[in-house]
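# Architecture and fold: a report
In case you want the letters, here they are:
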Amino acid sequence: MSKNITARRLTAAVLTAGALTAVLTVPTSAAEARPHRPTVEISDVQYDSPGRDDRSNRSLNREWVEITNNSRRTINLDGWTLRDEDGHRYTFDDYRLRGRSTVRVHTGIGRDTRSDVYQDRRHYVWDNRSDTATLRNDRGRYVDSDSWGQRRGGRR
């Protein structure tokens, strides 16, 4: 009779341990299945402005990078930088990106608004063949990047 009780206790312990393991691993697996979406990301890039590349301000401003805030809260981008592989850098100055919104960073000259900011350059920044747009926070930490062309896989 004691062998039977010991066997039942052992079986119950194994089943309990198995159930606990299953419960603990399911949430981890479910979390891994959902893709991580960064709070702030480079959501789109227009590196080859439509039409002729005639270096007009209109053409320069048709070259842009979009930065999206996927969170609900406003994020202060003051001091954040957007940079290409050649070292051209745009630094956000006193700009707050509202929750669930996007700002478009244009290459040319213009008047900054809530949804559009301008680098005030007279030359193209983004290489049409291959380049990487890299976004860093005000501490210089990597936030996101987007690459195109042959050199895909931006620098961190």
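Residue indices follow the written sequence of each chain, beginning from 1 at its first position. The predicted origin of the model limits local features to residues at a pLDDT of at least 70 and limits the giving and counting of side-chain atom pairs to 80 or more, whereas totals for whole chains, interfaces and linings rest on all residues. Each side-chain value is worked out from all heavy atoms of the structure, with water and hydrogens disregarded.

As annotated in an unreviewed UniProt entry, the protein is Lamin tail domain-containing protein from Streptomyces griseoincarnatus.

## Here we look at a negative patch on the surface
Test applied: Candidates for patches are residues over 30% relative accessible area with no salt bridge; among them, like charges are joined within 9 Å and nonpolar side chains (Val, Leu, Ile, Met, Phe, Trp, Tyr) within 5 Å. For every accessible area listed, the method is Shrake-Rupley and the probe measures 1.4 Å; residues are considered covered only by the protein chains on display. For salt bridges, the criterion is a side-chain nitrogen of Lys or Arg within 4 Å of an Asp or Glu carboxyl oxygen. For the purpose of counting charges, residues Lys and Arg are taken to be positive, whereas Asp and Glu are taken to be negative. His and the chain ends are not included. Lysine's charge is taken at NZ, arginine's at CZ, aspartate's at CG and glutamate's at CD. Elements are defined by DSSP. Helices are runs of H or I of four residues or more, strands are runs of E of two residues or more, and each kind is numbered from the N terminus.
Taken together, Asp78, Asp93, Asp94, Asp112, Asp120 and Asp138 make up a surface patch of like negative charges. The residue Asp93 is located in the loop between strand 5 (89-91) and strand 6 (96-97) in this model.

## Digging into unusual backbone geometry
Filter applied, for reference: When a residue's accessible area, from a 1.4 Å probe over protein chains only, is under 20% of the maximum for its type it is buried; when over 50% it is exposed; and in between it is partly exposed.
The phi dihedral of Arg100 is positive, around 55°, even though this residue is not glycine. Inspection of the secondary structure assignment puts Arg100 in the loop between strand 6 and strand 7 (101-106). Residue Arg100 is classed as exposed on the basis of its relative accessible area, which comes to 55%.

## Remarks on the sheet that holds strand 2 (residues 64-69)
Selection criterion: By definition, two strands form a pair when at least two bridges between them are found by DSSP. All axes here are fitted lines through C-alpha atoms, helices being fitted over the stretch that makes contact, and every angle between N-to-C directions spans 0 to 180 degrees.
Pairing in this open sheet of four strands is mixed, and the strands run 1-2-7-8 from one edge to the other. Each having just a single partner strand, strand 1 (40-46) and strand 8 (116-118) make up the two edges of the open sheet. The mean inter-strand angle of the sheet, taken between neighbouring strand axes irrespective of direction, is 25°.

## Description of the side chain of Asn61
Stated formally: Side-chain atoms alone can form a polar contact between residues adjacent in sequence; in general such a contact is a pair of N or O atoms within 3.5 Å, and within protein one must be able to donate a hydrogen while the other accepts it. Contact criterion: two residues are considered in contact whenever any of their non-hydrogen atoms come within 4.5 Å of each other.
Within the secondary structure layout, Asn61 lies in helix 2 (residues 57-61). A polar contact of 2.8 Å, which involves the side chain of Asn61, links it to the backbone nitrogen of Gly108. Once you skip the residues sitting within four places of it in the chain, Asn61 turns out to touch His106, Thr107, Gly108, Ile109 and Tyr118.

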